[in-house]
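Single-letter residue listing:
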Amino acid sequence: MRSSDIIVVGGGTVGLTTACTLAEHGLKVRLIESHSPGWGASGRNQGFLGVQTRKSGVELQLALFGRELVEEASLRLSSFSFRPCGGMTVFDTERDLEFAAEFVSQRNRDGLPMEVLNRDQALSKCPIVRHDIAGATWNPLDGHQNTGELCAALAAAAERLGVELNLEIRVTRILLEGDACTGVEAGGEEFRAGTVVLAAGVWSQGLVEPLGLPTLFAPLRMQGALTEPGPWRFEPIVYGPSAASVYPAFRIPGNDDPSRFAHQDAARYPDTMLLECIAQRPDGRVLMGCPLDMLGLKDVTSTAGAAWMFSALTSRFPELGAMAIERFWAGVAPMTKDSLPIIDKVPGVDGLILNTGHVFGNLSSFPGARVVAALLGLADCKLSSTPFSLSRLLPDQETAHRTDTPGTDERRHA
Ligand SMILES: Cc1cc2nc3c(=O)[nH]c(=O)nc-3n(C[C@H](O)[C@H](O)[C@H](O)COP(=O)(O)OP(=O)(O)OC[C@H]3O[C@@H](n4cnc5c(N)ncnc54)[C@H](O)[C@@H]3O)c2cc1C
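Residues numbered from 1 in each chain as written. Predicted model: local features only at pLDDT ≥ 70, side-chain atom pairs only at ≥ 80, totals over all residues.

Visitor: Go over the overall build of the chain, please, and point to the residues and values.
Guide: Secondary structure summary: the chain contains 11 helices and 18 strands in total. The principal-axis extents of the C-alpha atoms in the chain amount to approximately 65 × 45 × 40 Å. Counting contacts in the chain only where the partners sit at least 6 residues apart, residues at least 24 apart contribute 75% of the total. (Helix = DSSP H or I, 4+ residues; strand = E, 2+ residues; numbered from the N terminus. Contact = placed C-beta atoms within 7 Å.)

Put into structure tokens, the structure is as follows:
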């Protein structure tokens, strides 16, 4: 039997930021990861720090705090290719650009320094987008990172902070003695700790089910591809108009119809949604995304996803048609009903904390770790933990929860 103050289960961005934060507070931390750091959704994600797409209210507050903490982390961790590059959403027609202007006004009221770009301004920021667009929204606060590199940087930082990293060991059970969680069983061994933080992403559900907790989120599969380096350069993250269909943030008064901006081929792929998005890495390679579906825990690519993504993106960004595809992959992230993570003590089980349900983890991981530290009484956090409570997702809270969150749409992107 091995013991520590805290066991963190899961070595994605959520588990790694939590382990580092708690170790910084002087706790003896053990992190148990079934594969390697970043093996799950974190290491497979496209690295978007998309603030403009986060809904007004708590979601945007979380994203803005996350954006601040990512930038701060970029100054103290080894490089994870963080770029404060801004982001744009392009629109095709003058009518849609009028909508974009209303959206930008709403975002300005929310405190984002956004503006509308005309066609020439948009093309100067992304010369490979089709030249007949009407214009774009622009948010200088959007950014980009390499989340796989971030996981490696966090794992190195964790080791420096004295975190014991147990890799390639799967937690099979949460150990209980009466009403108290006393540790976990992993790799046939018992690991004891005063507190267990469950940060196993979409796999957290399987570990809490034996404790009687109901379904807390749905698995959202996302797919992405990486091209060879391009001969041109663009800095921002770029979304197509389908972002306005996928993200409830765009559902402002007068735009209540989610199908208005759905991609023209949506009817051909009834189980899938498409978020058109691209970003160019510093090495010139282009990340492409992103078909979305909720067909279970499959973390493999689909033919429908490939067909739709490659045809849509080569139509919107014609230069991509000639590029070699170096990788095409899928991953699964947990999607709660309101897209907010679950960061809470499990009621009735002393010493068990959930830090899971992160669907836009690039922005929510660092603040989530601060909320955990606050739950443990180690530090204050400017975000209250209340919006991330477990109780909001328990069955008797469902009606109240749904009423509180207009525009909720389960099939959304991170
Ligand atoms: C293709 C794709 C694109 C995405 N794009 C973006 C984006 O651009 N921007 C954004 O903000 N978000 C994006 N996301 C979502 C983002 O990746 C997630 O929100 C985030 O990675 C969640 O982090 P996590 O640490 O909770 O989960 P994960 O990264 O999945 O980590 C969970 C870890 O737990 C481990 N684990 C599981 N079970 C056990 C067990 N029993 N014992 C021990 N360890 C276990 C797994 O191996 C895994 O490493 C994307 C996701 C995907 C798949």
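Visitor: Run through the sheet that holds strand β15 (residues 285-293), naming residues and quoting values.
Guide: An order of β5-β6-β4-β13-β14-β15-β12-β16 is seen for the 8 strands of this open sheet, with the pairing classed as mixed. Two strands in the sheet have a free side with no partner beyond their single neighbour: β5 (115-118) and β16 (325-335). Strand-to-strand twist of the sheet, defined as the mean angle between neighbouring strand axes without regard to direction, takes the value 25°. Strand contacts of helix α9 (residues 303-316): β12 (218-229), β14 (272-280), β15 and β16, with the helix running at about 50° to β14, the strand carrying the most contacts. (Pairing = 2+ DSSP bridges. Axes fitted to C-alpha atoms, helices over the stretch in contact; angles between N-to-C directions.)

Visitor: Hey, could you go over α9 for me, with residue numbers and the actual values?
Guide: Between its terminal C-alpha atoms α9 stretches 20 Å, which fits the 20 Å expected from 14 residues at 1.5 Å a residue. G305, W308, M309, A312, L313 and R316 are the residues of α9 that are buried. Here the buried residues of α9 occupy an arc of 105° about the axis, which is enough to place them on one side. (Expected span 1.5 Å × (residues − 1). Buried ≥ 20, exposed ≤ 12 C-beta atoms within 10 Å, placed from the backbone. Arc of directions from axis to C-beta.)

Visitor: Quick one: what's the story with the site of the ligand, residue by residue and with numbers?
Guide: In the region of the ligand, 40 residues are neighbours, and G12, G40, G201, G331 and G361 sit closest. Going through the elements one at a time, α1 (13-24), β2 (29-33), α2 (41-44), β12, β16 and α10 (361-375) are the ones with two or more residues in the shell around the ligand. Here the residues of the shell around the ligand are counted per class, giving 17 nonpolar, 20 polar and 3 charged. The residues that make up the shell around the ligand include at least three from each of domain 1 (1-86 + 142-217 + 336-414) and domain 2 (87-140 + 218-335). (Near = placed C-beta within 6 Å. Nonpolar A, V, L, I, M, F, W, Y, C, P; charged D, E, K, R; others polar. Domains from an automatic or database assignment.)

Visitor: I'd like a rundown of the environment of L226, residues and numbers included.
Guide: Mapped onto the elements, L226 comes out in strand β12. The contact partners of L226, leaving out residues within four places of it in the chain, are R285, L287, E326 and R327.

Visitor: Can you explain the domain arrangement of the chain? Please cite residues and give values.
Guide: Frequently, the measure chosen for interface size is the accessible area that the parts lose on association. Per the domain assignment, the segments of the chain are domain 1 (1-86 + 142-217 + 336-414) and domain 2 (87-140 + 218-335). For domain 1 versus domain 2, the distance between C-alpha centres works out to 26 Å.

Visitor: Explain the environment of T272 residue by residue, including any values.
Guide: Summarising the element assignment, T272 is placed in strand β14. Considering only alpha carbons, one finds T272 and S74, 198 residues apart in sequence, at a separation of 35 Å. Apart from the residues within four sequence positions on either side, T272 is in contact with P291, L292, D293, A304, G305 and W308.

Visitor: Go over the confidence of the model for the chain with me, naming the residues and quoting the values.
Guide: In this model, the chain carries a mean pLDDT of 94, and residues with pLDDT of at least 70 account for 96%. Within the model, pLDDT remains below 50 along residues 398-414, and this stretch shows 37 contacts once partners closer than five positions in the same chain are excluded. (pLDDT = per-residue confidence, 0-100.)

Visitor: Which residues make up the packing of α1 against helix α6 (residues 147-160), and what values go with them?
Guide: Interhelical geometry of α1 versus α6 gives an angle of 30° and a closest axis separation of 9 Å. When the axis of α1 is compared with that of α6, the two are roughly parallel. In this structure, the crossing between α1 and α6 has a hand that is left-handed. Residue-level contacts link T13, L16, T17, A19, C20 and A23 of α1 to T147, L150, C151, L154, A155, A157 and A158 of α6. Class assignment for the residues of the contact of α1 with α6 results in 10 nonpolar, 3 polar and no charged. (Parallel < 35°, antiparallel > 145°, perpendicular 65-115°, else oblique. Left-handed = near helix turned anticlockwise from the far one by under 90°.)

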